[in-house]
Amino acid sequence: MAQYLVLIYSNEASWATTDEAFSAKIHDGHNKFGEKHGAALRGGNALEPTMSSTSLRANASGEFVTTDGPFAETKEALGGYYVVEADDLDAAIAIAKDIPAPFGGLEVRPIQVMS
Amino acid sequence: MAATIRITRDFDIAEECVQDAFARALTTWGQQGIPASPGAWLTTVARRRAIDIGRRRDVAVRSQHYLVIEDSVAGPEIADGEFEDDRLRLIFTCCHPSLATDTQVALALRMLCGLSTAEVAKAFLVKESAMAARITRAKKKIALARIPYRVPERSELRGRIDAVLLVVHLLFTTGHTSPVGENLSQVDLVERALDLARMVHGLLPDDGEVTGLLALILLTDSRRGARVNPEGEFLTLADQDRSTWHRDSIDEGLALVGRSIRRGRPGRFTLMAAIAAVHSSAPHWDETDWAEIVGLYDLLLVVWPSPVVALNRAVALSFAQGPSAGLSALDELSTDPQLSTYPYMAVARGDCLERLERFAEARVAFEEAAMLTENHVERDFLRSRIAQLH
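Residues numbered from 1 in each chain as written. Chains lettered and ligands numbered in written order. Predicted model: local features only at pLDDT ≥ 70, side-chain atom pairs only at ≥ 80, totals over all residues.

Caption draft 1: Layout of the sheet that holds strand β2 (residues 41–46) of chain A. Residue and element names in this part refer to chain A. Taken together, four strands build an open sheet; the order of strands is β2-β5-β1-β6 and the sheet is antiparallel. The outermost strands of the open sheet, each flanked by one partner alone, are β2 and β6 (104–110). Sheet twist, expressed as the mean angle between neighbouring strand axes with direction ignored, is 20 degrees. (Pairing = 2+ DSSP bridges. Helix = DSSP H or I, 4+ residues; strand = E, 2+ residues; numbered from the N terminus. Axes fitted to C-alpha atoms, helices over the stretch in contact; angles between N-to-C directions.)

In structure tokens:
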């Protein structure tokens, strides 16, 4: 078994224009995903918007410089994640496809195994 | 306001509570008379409101730990020291490095000092709508990211102090020459800036720039009473009655600036204080050591390369070496986008042109400045200068 980090990206501006019924539908989608794949899920969270983010970047002398905002400014921002356990990438992708991800998409990243 | 934020951790709610407390104060004091310590009274009322609103929000809001409710807030007796501590905490929250520097200053002016968004926008030379958006976003980040509300540990303090000094200085300049409205200065803002500068100096008495900023504020503010005549008209340094300058502030400021200079490698605020000190030490305008001032501005441009500093240097140069030298220095700055809508740029040009007896051009420059300033006292001053042109 291997573990994968499934990153959920979406356009924050689009989210801001949705109504409560739409949000409820997505929320419900996540609940259903959790019920269906509970055995494979090792964790997961929704994130606050990138405007609440703070980045620390090392400067030339190796000290961290603190800045306001996400590490990379992208149109589709990281908005949440799941950690799933699966036999292989195909199995992980099959699980990920049940995650609701309007206004964006998903990235499936293998978690490195430390031996 | 600062005391209330400690409870709500949410700037918008805190603002609402404070406004509400003021509204209540007007009714209650009307009936019962003004309490012995109005500030403490307001804080207590605002805190109670914050707790009320907090309880209501708890039902609706998922993150209950927004609120750090203190049990000990019921009594109206709050020591004066607590207000100071709260303001100091608030300034460090506003000046947290996870907020962009400009935002830190804007936020502190808005939250700590109660400036309106329009005034803050003016201080930053940006549009009001842009400033409103920036402040709203910053308040949201403070709440969402849970930026702490406390004075940093001694080890972190050095890294955090620059932003605080910037804020206190901007607060002072905004109060000293209120950018919008009827009165030339807003005394309460100036007093708050002075208080904060003293508080920060108490925290870091050996820091050169902390000392420099306190000196700068004292020296500049020592001329407060001399800046307008009895008719409320603006007086320049040249026309002020120097016998009315506040001697105690000058003495304290000069001692502090001397101490900071002797530490070596003077920073921005120490150099600005040193420039103010040259004026404070001249018994009369004609005896001002302009060469010394130009030299200090040269040093200042190295540590702080800002177009406004370059503008001030050009003005000093016009007195040290004559109006043509000043005018050519100003012309070199004329393409700077930040200065193009800055009224003092046009005033400086007008002044040099008038001294060169190029009156028609001087008139155009002063008229441009009068259009650009939103301070009524300054505008009247400019109109009277236009009227006096030959």
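Still more ground to cover, so stick around.
Caption draft 2: Representation of the environment of Ala132(B) in the model. Within the fold, Ala132(B) resides in helix α7 (residues 128–145). Looking at Ala132(B), the number of C-beta atoms within 10 Å reads 15, which means it is partly exposed. (Buried ≥ 20, exposed ≤ 12 C-beta atoms within 10 Å, placed from the backbone.)

Caption draft 3: Region of interest: the packing of helix α12 (residues 268–281) of chain B against helix α13 (residues 290–303) of chain B. Residue and element names in this part refer to chain B. Packing of α12 against α13 brings their axes to within 9 Å, and their N-to-C directions diverge by 170 degrees. When the interaxial angle is binned, α12 and α13 end up roughly antiparallel. Handedness of the α12/α13 crossing: left-handed. Every residue of α13 that contacts α12 at Arg268, Leu271, Met272, Ala274, Ile275 and Val278 is listed here: Glu292, Ile293, Leu296, Tyr297, Leu299, Leu300 and Val303. Taken together, the residues of the contact of α12 with α13 sort by class into 11 nonpolar, no polar and two charged. (Parallel < 35°, antiparallel > 145°, perpendicular 65-115°, else oblique. Left-handed = near helix turned anticlockwise from the far one by under 90°. Contact = placed C-beta atoms within 7 Å. Nonpolar A, V, L, I, M, F, W, Y, C, P; charged D, E, K, R; others polar.)

Caption draft 4: Representation of helix α11 (residues 247–262) of chain B. Residue and element names in this part refer to chain B. Its 16 residues give α11 an end-to-end C-alpha distance of 23 Å, which sits within 8% of 22 Å, the value for a rise of 1.5 Å per residue. Looking at α11, one finds that the buried residues are Ser249, Ile250, Gly253, Leu254, Leu256, Val257 and Ser260. The inward-facing, buried residues of α11 abut α10 (208–221) and α12. Looking one or two places after α11, you find glycine 264, whose phi comes out positive at around 85 degrees. (Expected span 1.5 Å × (residues − 1).)

Caption draft 5: Layout of the nonpolar core. Membership of the largest hydrophobic core comes to 85 residues, with the highest contact counts inside it found for Ile91(B), Ala108(B), Val164(B), Val167(B), Val168(B) and Ala273(B). Examining the composition of this core, we find that nine residues originate from one element, helix α8 (residues 154–176) of chain B, more than from any other. In this structure Ala273(B) touches Gly212(B), Ala215(B), Leu216(B), Leu219(B), Gly253(B) and Val257(B), once residues within four positions along its chain are discounted. Counting residues in hydrophobic clusters, the runner-up holds 10 residues, among them Val6(A), Tyr82(A), Val84(A) and Ile99(A). (Core = buried A, V, L, I, M, F, W, Y, C linked by C-beta atoms within 7 Å.)

Caption draft 6: Spatial organisation of the packing of helix α14 (residues 307–320) of chain B against helix α16 (residues 343–355) of chain B. Residues and elements named next belong to chain B. At a minimum axis distance of 11 Å, the contact between α14 and α16 shows a crossing angle of 15 degrees. Taken together, the axis directions place α14 and α16 in an arrangement best described as roughly parallel. Between α14 and α16 lies a crossing whose hand is left-handed. Contacts from Leu311, Ala314, Val315 and Ser318 in α14 reach Tyr344, Met345, Ala348 and Cys352 in α16. Per-class residue counts for the contact of α14 with α16 are seven nonpolar, one polar and no charged.

Caption draft 7: Molecular detail of unusual backbone geometry. In this structure, Phe103(A) takes a positive phi of about 60 degrees despite not being glycine. Tracing the sequence through the fold places Phe103(A) in the loop between α3 (89–96) and β6. With 16 C-beta atoms packed within 10 Å, Phe103(A) lands in the partly exposed category. At Arg146(B), a position not held by glycine, the phi torsion is positive, near 55 degrees. Here Arg146(B) is to be found in the loop between α7 and α8.

Caption draft 8: Focus on the pairing of β2(A). Residues and elements named next belong to chain A. The element β2 is barely covered by neighbouring structure, given that only zero of its six residues are classed as buried. Relative to strand β5 (residues 76–86), β2 runs antiparallel, the two being bridged by five bridges. Of the residues in β5, the one forming a bridge with glycine 44 is tyrosine 82.

Caption draft 9: Representation of α3(A) within the structure. Residue and element names in this part refer to chain A. Among the residues of α3, Ala92, Ile95 and Ala96 are the ones counted as buried. One face of α3 carries all of its buried residues, which in axial projection span an arc of 100 degrees. Considering only its buried residues, α3 is in contact with β1 (2–11), α2 (20–37), β5 and β6. (Arc of directions from axis to C-beta.)

Caption draft 10: Local environment of the interface of chain A and chain B. Contact residues are listed per partner, giving six residues for chain A and 10 residues for chain B. For the side of chain A that touches chain B, the per-class residue count stands at one nonpolar, three polar and two charged.

Caption draft 11: Representation of the environment of Ala86(A). All names here are of chain A. The topology assignment puts alanine 86 in strand β5. With 21 C-beta atoms packed within 10 Å, alanine 86 lands in the buried category. For the pair alanine 86 and alanine 39, spaced 47 residues apart in sequence, the C-alpha separation works out to 9.9 Å. Not counting residues within four places of it along the chain, the set of residues in contact with alanine 86 comprises Ala2, Tyr4, Ala40, Ala91, Ala92 and Ile95.

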